[in-house]
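Residues per chain, in single letters:
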Protein chains: 2
Amino acid sequence: MLRTHTCGELRMADVNKEVTLCGWMQRSRDLGGMTFIDLRDRYGLTQLVFNMEVNKSLCEEARKLGREFVIKIKGVVTERSNKNAKMPTGDIEINVSSLEILNESKTPPFTIEENTDGGDDLRMKYRYLDVRRSTVKDALLLRATIAGLTRNYLNEQGFIEIETPVLIKSTPEGARDFVVPSRMNPGEFYALPQSPQTFKQLLMVAGMDKYYQIVKCFRDEDLRADRQPEFTQIDCEMSFVEQEDVLQTFEGLITHLFKKVKGIAVSGIPRMTYAEAMEHYGNDKPDIRFEMKLTNMNSLVKGKNFKVFDDAETVLGICAKGCAEYTRKQLDELTEWVKRPQLGATGLIYARVNADGSVKSSVDKFYNPEDLKQWAELLHAAPGDLILLLAGGDALIRKAMSELRLEMGERLGYRGKDDFKALWVLDFPLLEWADDTKRWHAMHHPFTSPKPEDISMLKTDPGKVRANAYDLVINGVEIGGGSIRIHNNELQQQMFETLGFSKEDAQAQFGFLMNAFEYGAPPHGGVAFGFDRLCSLFGGSDSIRDYIAFPKNNAGRDVMINTPSNISEEQLNELSIQVVSTAPKSRN
Amino acid sequence: MLRTHTCGELRMADVNKEVTLCGWMQRSRDLGGMTFIDLRDRYGLTQLVFNMEVNKSLCEEARKLGREFVIKIKGVVTERSNKNAKMPTGDIEINVSSLEILNESKTPPFTIEENTDGGDDLRMKYRYLDVRRSTVKDALLLRATIAGLTRNYLNEQGFIEIETPVLIKSTPEGARDFVVPSRMNPGEFYALPQSPQTFKQLLMVAGMDKYYQIVKCFRDEDLRADRQPEFTQIDCEMSFVEQEDVLQTFEGLITHLFKKVKGIAVSGIPRMTYAEAMEHYGNDKPDIRFEMKLTNMNSLVKGKNFKVFDDAETVLGICAKGCAEYTRKQLDELTEWVKRPQLGATGLIYARVNADGSVKSSVDKFYNPEDLKQWAELLHAAPGDLILLLAGGDALIRKAMSELRLEMGERLGYRGKDDFKALWVLDFPLLEWADDTKRWHAMHHPFTSPKPEDISMLKTDPGKVRANAYDLVINGVEIGGGSIRIHNNELQQQMFETLGFSKEDAQAQFGFLMNAFEYGAPPHGGVAFGFDRLCSLFGGSDSIRDYIAFPKNNAGRDVMINTPSNISEEQLNELSIQVVSTAPKSRN
């Protein structure tokens, strides 16, 4: 090794030791006859001291070092006179006796500091410099820690890590596939997996009993903020289990992670049905760090000649604690906020609960003080609270009220990044109707098992059938989900029928799975967690990009290596494909 | 859980317990009034007993179970009268009181036994049944064990697991890339990584210090036996190291694996230069489980009017211990063996060392007894040994003799599967000349550092420059290798020049790496091990396929899911590509 120690490990106990360190020149200060340099590596910072009186030429050499030069120094560990309690190595410094420049550096295009002056694009282009910043470095270290803890837990539970293939088969169900032309099979393509779903089910058929994998998955979707074309999943499957077994096993994983990563003891993850979540939170991934439940006001507000409410399918209310003193300006701003096209509400009705218990609303001419008191009672609104109402079509207004609730929770400081509330959402509908295709679609995927007691409704009332499916939600973020799978071939075929697959289509696309199910498939179920998002949640960040070493931008590009890019005619010929101009392009 | 125990865990201590087991019906025997069933799961086999006298209808039900039916039984653990010492559960059996069929099974197309009657193609098509066989199941469990041990070791050494991207950029250097058309960037393509080489080097520039990943890599090559288009690597890189540090760190890993997996204590892995390996073994990955070194016989055999030897560039000899009694038929067969086109030798000369020390050769008319005694001395051949000589061009005959040596080692039982000999091969040439492209190519890759003392020869005698590169060889199989990398931008540019890259080409292909090197790249180096092969080696198998859950065949097909396959016109249009008939296809 070129060094004896790292830049993060020297302490008072090491004083008088002669050491060799390597690292990057973080910053340099000349103070009279002394030069101080902070030397940085992955493990920390160590202060180096050069003294003009002791060694003039060495000190002058040190003064010439630029930011991010890579150096190797020898010196003696010395107790600092000015200790720095903020640095783990802050009690000591190194009196340097020799200095070697291992590599020079151009001046970086942005500062390598926790709060950098570099914009997003610049940092992505020079990602190898961005990762030197402690923010990103710590995020990647946290990711590695969580991966390790996850593996330890699953290994101890008897799960076996098995790699499933990356070059698989394109299926039209689900999101859009990335495909890979096959040179050896001209005109044919592999697809990259959106998840190892079918393979993990085949592994259960194969008797592997408990499987896991931390695995890259791929989706060729138009990228919204914080979606990546390649992302990582913690993917698991178990045999001979019922829903309760899966919930308990992965409650164990999440508890383990909270304890080891955050030092937080989680005792039991609460559960809520999909129906409850939609009713009380307007949302299948409720943030339960705070209450502020959605309350249906129909029984109180209708029939009072207020046309907006009378005409509305649903009137929902929430109570914002202590917000009665919101000014007219604040309320107007909130009204504009709910009227944005993303939410689509037509307006916002509010009522303040005064100190004396009386209620003053924006619709006083339709409702008398007694009516308004009933509103307050239904919403458990106390003096000083603000009541907010939205009215309209049920689905739309529920979604809008969910957003308003989250916004108010944010403004009221209810959504602290160090407060973690996990939740299982259960009993999802098995199917959802799509108006564009005029058919039922699987809400999770076509292998999800209906609840046994609901199977009879598959033919009569498919929309009512509940699934043995579950999502894990933390702080209002869907971290993952799963289901008990169909292991019976007849039921699987019935499911495909309900989804409008012809026998031939089902056989062509999922034949291998249906065939496998004829050879003794065990009852099984599993989960998949979004690993990138789980890491960012534990790290207290909204951005998953910091937790990915080399992320892509919203156009799916890696601007550092400049990909995707053109390939040669020779490559295209070998692959038996040609690029064709797309219509919009040919017009340019 | 549907079960209280697995089929592998019940022992004498569990006698009288009521248990519930789930599993597959492995085999069934009716003996008079009793029916015995072996129930199988991942963890083992347990014997179930049904008794006609005790419960006739249950026993009759059990007699109807077909092979591979999935069942759930309840019963009491009982001591066996006929214990089976070969089974861990062989001391007990279960007196079954209830039986539930969880799923039926068609009769499998081959027997689910260690030695199956299923051929390769059939087993691949029904891989989910093949994996139920203990041979494949154990191979996959071993793979998971080795992955876990590898991660533990590297984590303890301070390596950080970091995922590098799968959608990267195509580069013409190296093997052929798989490519992925980008929908959002029409006409442009991603490539799948042949290795994370450049990314791990960028992580070193980024200061991550010690990186590892067990990672899928991809090569679109014509598949020889036991090559897979997607394969897995243990990929590692370290900063501030010299070659010796890397060797010691990964000697530690290999030692750890041998100890934990095989219970074998390895103390130190011997080292050999590339030059020595080629001289003594004719091969840069020598199997050192046995000696039988190649010996240059030129000084003894030339000038005796034997034209074959006189005309040959090189005459090589080996001594096969105790093979003097080989019959004429055996020797003729061996002669035909070396004359096969793969080896290309023109003939085989042999000499037997008799019990009295005299030597009898196939070329006695050219060599007198004294000459032949000198052969025996040079080769350390004792009475009873057989001397084998090949003559011809040095490179060809060295390769042929290497093969003959391995063949003789095999015949002599020197290559036992439970005997493991690891070896570092060092000091590889940096470059090799390619006659077809008429330029120097990097023997490892263009980022490999030359030995500092050889750098001056880069311009004058490139073929003589040795690299700071090393391979790990176990039992004659190249398990992995690596190098100290170039971290200096000028040297990297000089390397690209030597490889015949124009400045523009180098910038276009590796610009991001060369740019990164301008911002303080640390000295660094690393290794990559072929994980599939490592697993098969530890498992004592020649086939890596058993160690891959869902392998592809030699045409790159997964015959189970039938991929690659056609994709829809819509998908092609979205991706702005079209399939074009290849010339050979259009003639059909």
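Whatever comes next refers back to the structure up there.
Being a predicted model, the structure only gives us computed values, none of them experimental. (Residues numbered from 1 in each chain as written. Chains lettered and ligands numbered in written order. Predicted model: local features only at pLDDT ≥ 70, side-chain atom pairs only at ≥ 80, totals over all residues. Heavy atoms only, no water.)

Undergrad: Can you break down the pattern of salt bridges residue by residue, with the values?
TA: By the definition in use, this model includes 98 salt bridges over all chains. Where Lys 83 of chain B meets Glu 79 of chain B, a salt bridge forms, and the shortest distance between an N and an O atom there is 2.5 Å. Linking Lys 307 of chain B and Asp 311 of chain B is a salt bridge whose minimum nitrogen-to-oxygen distance equals 2.5 Å. Pair noted here: Lys 307 of chain B and Asp 311 of chain B are both in helix α9 (residues 307-311), with a separation of four residues, about one helical turn. Like Asp 311 of chain B, Lys 307 of chain B is exposed. Because the salt bridges share partners, they merge into one network encompassing Asp 120, Arg 123, Arg 127, Asp 130, Arg 133 and Arg 545 of chain A. (Salt bridge = Lys/Arg side-chain N within 4 Å of Asp/Glu carboxyl O. Helix = DSSP H or I, 4+ residues; strand = E, 2+ residues; numbered from the N terminus. Buried < 20%, exposed > 50% of the residue type's maximum accessible area, 1.4 Å probe, protein only.)

Undergrad: Outline the relation of the copies chain A and chain B, listing residues and values.
TA: When chain A is fitted to chain B, the best match, at an RMSD of 0.1 Å, comes from turning it 180° and sliding it 0.0 Å along the axis. Such a combination of rotation and displacement between the chain copies is what one expects of a two-fold axis. (Least-squares fit on C-alpha atoms with pLDDT ≥ 70 in both.)

Undergrad: Now, about the environment of Asn 55 of chain B: what can you tell me, with residues and values included?
TA: Residue and element names in this part refer to chain B. On the secondary structure map, Asn 55 appears in the loop between β3 (44-51) and α1 (56-63). As a C-alpha pair, Asn 55 and Ser 98 span 43 residues in sequence and 9.7 Å in three-dimensional space. In terms of polar contacts, Asn 55 uses its side chain to reach the backbone amide nitrogen of Leu 58, at 3.1 Å. (Polar contact = N/O pair within 3.5 Å; in protein donor to acceptor, adjacent residues only side chain to side chain.)

Undergrad: So what about the interface of chain A and chain B? Which residues, and what values?
TA: Across the contact, 122 residues belong to chain A and 122 residues belong to chain B. On the surface where chain A and chain B come into contact, there are 16 salt bridges. Linking Glu 574 of chain B and Arg 176 of chain A is a salt bridge whose minimum nitrogen-to-oxygen distance equals 2.9 Å. Counting across the chain A and chain B interface gives 71 residue pairs in polar contact (both at pLDDT 80 or more). With seven residues, helix α4 (residues 134-156) of chain A is the single largest residue contributor to the side of chain A that touches chain B. Across the side of chain A that touches chain B, the residue classes tally to 64 nonpolar, 27 polar and 31 charged. Across three bridges, strand β23 (residues 577-579) of chain A lies against strand β23 (residues 577-579) of chain B in antiparallel orientation. (Contact = heavy atoms within 4.5 Å. Nonpolar A, V, L, I, M, F, W, Y, C, P; charged D, E, K, R; others polar. Pairing = 2+ DSSP bridges.)

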